[in-house]
Amino acid sequence: MMKKSIFIIVLAIYLSNLYAQNINNVFKNMPQHILPGFSEDNRTMLLVDTGTTIIPYSLGKIEKLKHTSDYLKLKTSNVGTTQIKLLPTADNGFVICVIKTVCSKVCDSNISFYNAEWQQIDTKLYLPELSPDIFFNTETKNSEKYNFAVSLPDIYPVWAEFVSNSNDLALTLDYKNYLSESQLPDVESFIKNQTYTLKWDKHSFK
């Protein structure tokens, strides 16, 4: 009898964790400030698989672009998208990663992290400090114009996007529309990789 009770308790905990780690449940319990004005009823309608992917609400409309068991990508305006991703952790839990991107002349992303209760966590715990080395060829750092080129990550937008069907995070230096025609050739000569991919190891991105 005791063994049966223990088994039922363990099974209940397992099923509870499994349910909690589904993007639908996480999205329904999301705080209002993530998507202001988008109510829990709106979220439920968006998640229902009826073929309808656009939900009007008081501040406009939101379109569902991609939806899997651990990932949701939404178009929140003509220039904005929001990605919500559940990243598995070593203790069989998960971290919620939210990426808000605005694309007008260029694309710029803001990345934030939350625990299962939607309490915000310091980004530095999961995302490394981004050095110019990931985008630029350091072998040319003695060049006269190199200092100008490596200042780009500090003042120019970086666009973040989860790689399809994975936990990899692609960072793209979105610089071309930010520069004049005369500046572009000088800067491009120093760029090693316009896109750099970070790997999630169940502890942080590396």
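Right above here is the structure, for reference.
Residues numbered from 1 in each chain as written. Predicted model: local features only at pLDDT ≥ 70, side-chain atom pairs only at ≥ 80, totals over all residues. Heavy atoms only, no water.

Draft legend 1. Local environment of unusual backbone geometry. The phi angle at Trp118 is positive, at roughly 65°, despite the residue not being glycine. Structurally, Trp118 is set in the loop between strand S6 (107-114) and strand S7 (120-121). If you check the backbone angles, Asn165 has positive phi at about 60° while not being a glycine. You can see Asn165 is positioned in the loop between strand S8 (158-162) and strand S9 (169-173). According to the relative accessible area criterion, Asn165 is exposed, its value standing at 69%. (Helix = DSSP H or I, 4+ residues; strand = E, 2+ residues; numbered from the N terminus. Buried < 20%, exposed > 50% of the residue type's maximum accessible area, 1.4 Å probe, protein only.)

Draft legend 2. A look at the pairing of strand S3 (residues 71-75). With four of five residues buried, S3 lies mostly within the body of the structure. Pairing of strand S2 (residues 60-67) with S3 involves four bridges; the strand directions are antiparallel. The residue of S3 that forms the bridge with Glu63 is Lys75. Turn length for the S2-S3 hairpin, with the two strands adjacent in sequence and antiparallel, is three residues. Alignment of S3 against strand S4 (residues 80-88), held across five bridges, turns out to be antiparallel. Across the sheet, residue Lys75 finds its bridge partner in S4, namely Thr81. Counting the residues that bridge the hairpin from S3 to S4 gives four residues. (Pairing = 2+ DSSP bridges.)

Draft legend 3. Here's a closer look at the sheet that holds S6. Here we have seven strands laid out as an open sheet, ordered S1-S2-S3-S4-S5-S6-S7, and antiparallel in their pairing. Looking at the sheet topology across the chains shown, the edges are occupied by strand S1 (54-57) and S7. Those strands touched by helix H3 (residues 40-47) are S1, S2 and S3, and its axis lies near 165° from that of S1. (Contact = heavy atoms within 4.5 Å. Axes fitted to C-alpha atoms, helices over the stretch in contact; angles between N-to-C directions.)

Draft legend 4. How the structure looks around the sheet that holds strand S10 (residues 195-198). Taken in spatial order, the three strands line up as S8-S9-S10 in an open sheet, and their pairing is antiparallel. Each edge of the open sheet carries a strand with a single partner, namely S8 and S10. Across the sheet, the mean angle from the axis of one strand to that of its neighbour is 25°, orientation sign disregarded.

Draft legend 5. Layout of the environment of Asn42. As for its placement among the helices and strands, Asn42 is situated in helix H3. For Asn42, the residues in contact, after removing those within four places along its chain, are Gly37, Ile55, Pro56 and Tyr57.

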